[in-house]
Amino acid sequence: AGCYGEGSQSRRPSNLWIMKPAGSSRGRGIEVVNDVGGVQYGELTIIQQYISNPFLLGGYKWDMRTYVTVTSFNPLEAFIYKDGFARFTTVPFSTNQEDISNKFVHLTNSSVQRHNEEAMMAGDDCDPEALARQRDAAVGGTKISF
């Protein structure tokens, strides 16, 4: 597994893409595919090349959300909120063929990750890190505030 700040150690299969239905939210309908030529869809879909070597924290994918309010475009005036949060996957990152369809590896969406109860509740009851993760899982968390 990777350390803080390390990229993925696995090699990316050729032709890896991520598909996202344009009108969906909470990770619904998102798929990682390894052959964009075989894709069939019936709704407006965004398809983009998958990042082969994302910045990982402890071997896990993550993203950071910040909030901005734009009060004017001309002249541009925007306010960035101090509060935000980071979301994490519950399974270490991998682009191995057997992990391509595992949403717990690729999507940071809390509405997806909260269903991985096995990973969220794993660990030694004496380990403070495991206890914190279990407590957070009980209240629906795979995200942290900053």
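Residues numbered from 1 in each chain as written. Predicted model: local features only at pLDDT ≥ 70, side-chain atom pairs only at ≥ 80, totals over all residues. Heavy atoms only, no water.

## Focus on the overall build of the chain
So, step 1. If you tally the helices and strands in the chain, you get four helices and six strands.
So, step 2. Element order for the chain, N to C, with α for helix and β for strand: β-β-β-β-β-α-α-α-α-β.
So, step 3. For the chain, the residues scored as buried account for 32% of the 146 residues in total.
So, step 4. In the chain, the proportion of contacts linking residues at least 24 apart, taken out of those at least 6 apart, comes to 54%.
So, step 5. Accessible area for the chain stands at about 9,700 Å²; split by element, carbon and sulfur atoms hold 52% of it. (Helix = DSSP H or I, 4+ residues; strand = E, 2+ residues; numbered from the N terminus. Buried < 20%, exposed > 50% of the residue type's maximum accessible area, 1.4 Å probe, protein only. Contact = heavy atoms within 4.5 Å. Areas by Shrake-Rupley, 256 points an atom, 1.4 Å probe, with all protein chains shown as cover.)

## Points about the confidence of the model for the chain
Caution is warranted with low-pLDDT regions, since their predicted coordinates should not be read in detail.
So, step 1. Mean pLDDT over the chain works out to 75, with 71% of the residues at or above the 70 mark.
So, step 2. Strand S6 (residues 143-145) is the least confidently modelled element of the chain, averaging 58 in pLDDT, while strand S4 (residues 62-73) averages 93, the highest of any element.
So, step 3. Contacts of residues 6-10 to residues separated by more than four positions or lying in other chains number 15 contacts, the stretch itself having pLDDT below 50. (pLDDT = per-residue confidence, 0-100.)

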